Amino acid sequence: AQTVTQSQPEMSVQEAETVTLSCTYDTSESNYYLFWYKQPPSRQMILVIRQEAYKQQNATENRFSVNFQKAAKSFSLKISDSQLGDTAMYFCAYGTYKYIFGTGTRLKVLA
Amino acid sequence: EAGVAQSPRYKIIEKRQSVAFWCNPISGHATLYWYQQILGQGPKLLIQFQNNGVVDDSQLPKDRFSAERLKGVDSTLKIQPAKLEDSAVYLCASTTRGGGANTGELFFGEGSRLTVL
């Protein structure tokens, strides 16, 4: 069975600094998606970034980038130039036709 | 493009009462999911529909939870009778997978927050 593990329950970062959130997963599939979702307090879950497993190039979206290590089954999220609006729960997720989420990392950006 | 719609946003009930949540996915999305998110935890899949058929309901507590997706569009999740541990946010999500262009992205509604007293 597929699993997703986020080992950092909480993290904090100073505004404008860089932070990296960790995620590992386990699967026997060769083709899948990996995602980072953001859930602000009492607000809707939204997609931050997506990586297709068959692509070697790491995905980037503005200040957000991933380090995808397929052999190690690792998928970390780097947030550069952190902003107060980045404060949220971040969930790593694995998807084929079924989507499995990690337990989340609560990120607080400090002014 | 309209997003995933859910209602009600909030519901407070006594234990042993019943409650129903409604979800309307993004138009054209064949696959619909119901997740349970307990405070401080990640979403846990309850049931997955492909059109109007159930793909996976292995984690649905079938003695008290039921769900349907008539006509392959909107869906209803029911809890009867509710227990204290059912207090959670119930998230509905949809994706195009299996129904057209495959982006892989899961689109979420705002969720229905249930408090069982």
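Provided above is the structure to which this section pertains.
Residues numbered from 1 in each chain as written. Chains lettered and ligands numbered in written order. Predicted model: local features only at pLDDT ≥ 70, side-chain atom pairs only at ≥ 80, totals over all residues. Heavy atoms only, no water.

1. What to know about the state of the cysteines
Logical step 1: Counted by the stated rule, this structure contains 2 disulfides over all chains.
Logical step 2: Each sulfur of the disulfide joining Cys 23 of chain A and Cys 92 of chain A lies 2.0 Å from the other. Linking Cys 23 of chain A and Cys 92 of chain A, the disulfide has an S-S dihedral of approximately -70° and is accordingly described as left-handed. Separated by 69 residues along the polypeptide, Cys 23 of chain A in the loop between β3 (19-21) and β4 (24-26) and Cys 92 of chain A in strand β10 (residues 88-95) bring together distant segments of the chain.
Logical step 3: For Cys 23 of chain A, a relative accessible area of 2% corresponds to the buried category.
Logical step 4: Covalent S-S linkage joins Cys 23 of chain B and Cys 92 of chain B, the inter-sulfur distance amounting to 1.9 Å. Because the torsion about its S-S bond is -70°, the bridge between Cys 23 of chain B and Cys 92 of chain B counts as left-handed. Placement of the pair is Cys 23 of chain B in strand β3 (residues 19-24) and Cys 92 of chain B in strand β9 (residues 88-95), with a sequence separation of 69 residues. The residues Cys 23 of chain B and Cys 92 of chain B share a single accessibility class, namely buried. (Disulfide = S-S within 2.5 Å. Helix = DSSP H or I, 4+ residues; strand = E, 2+ residues; numbered from the N terminus. Buried < 20%, exposed > 50% of the residue type's maximum accessible area, 1.4 Å probe, protein only.)

2. Some thoughts on the interface of chain B and chain A
Logical step 1: If you look at the interface, chain B gives 23 residues, while chain A gives 17 residues.
Logical step 2: Both faces considered, chain B and chain A share a buried interface measuring about 1700 Å² in area, 49% of it formed by carbon and sulfur atoms.
Logical step 3: For the pair chain B and chain A, the interface holds 2 salt bridges.
Logical step 4: Glu 105 of chain B is paired through a salt bridge with Arg 50 of chain A; the nearest N and O atoms lie 3.9 Å apart.
Logical step 5: The tally of links from chain B across to chain A stands at 5 residue pairs in polar contact (both at pLDDT 80 or more).
Logical step 6: Of all elements in the fold, only β4 (31-37), β5 (44-50), β6 (53-56) and β9 of chain B reach the threshold of two or more residues within the side of chain B that touches chain A. (Contact = heavy atoms within 4.5 Å. Buried area = accessible area lost by both parts, 1.4 Å probe. Salt bridge = Lys/Arg side-chain N within 4 Å of Asp/Glu carboxyl O. Polar contact = N/O pair within 3.5 Å; in protein donor to acceptor, adjacent residues only side chain to side chain.)

3. Some details on the sheet that holds strand β8 (residues 75-79) of chain B
By definition, the strands of a sheet pair up through backbone hydrogen bonds, in either a parallel or an antiparallel sense.
All names here are of chain B.
Logical step 1: Taken in spatial order, the 4 strands line up as β1-β3-β8-β7 in an open sheet, and their pairing is antiparallel. At either end of the open sheet lies a strand with only one pairing partner, and these are β1 (5-7) and β7 (65-68). The average angle at which neighbouring strand axes cross in this sheet is 15°, direction not considered.
Logical step 2: Where β7 meets β8, 4 bridges bridge the pair, whose relative direction is antiparallel. Within the sheet, the bridge partner assigned to Ala 67 lies in β8 and is Leu 77. (Pairing = 2+ DSSP bridges. Axes fitted to C-alpha atoms, helices over the stretch in contact; angles between N-to-C directions.)

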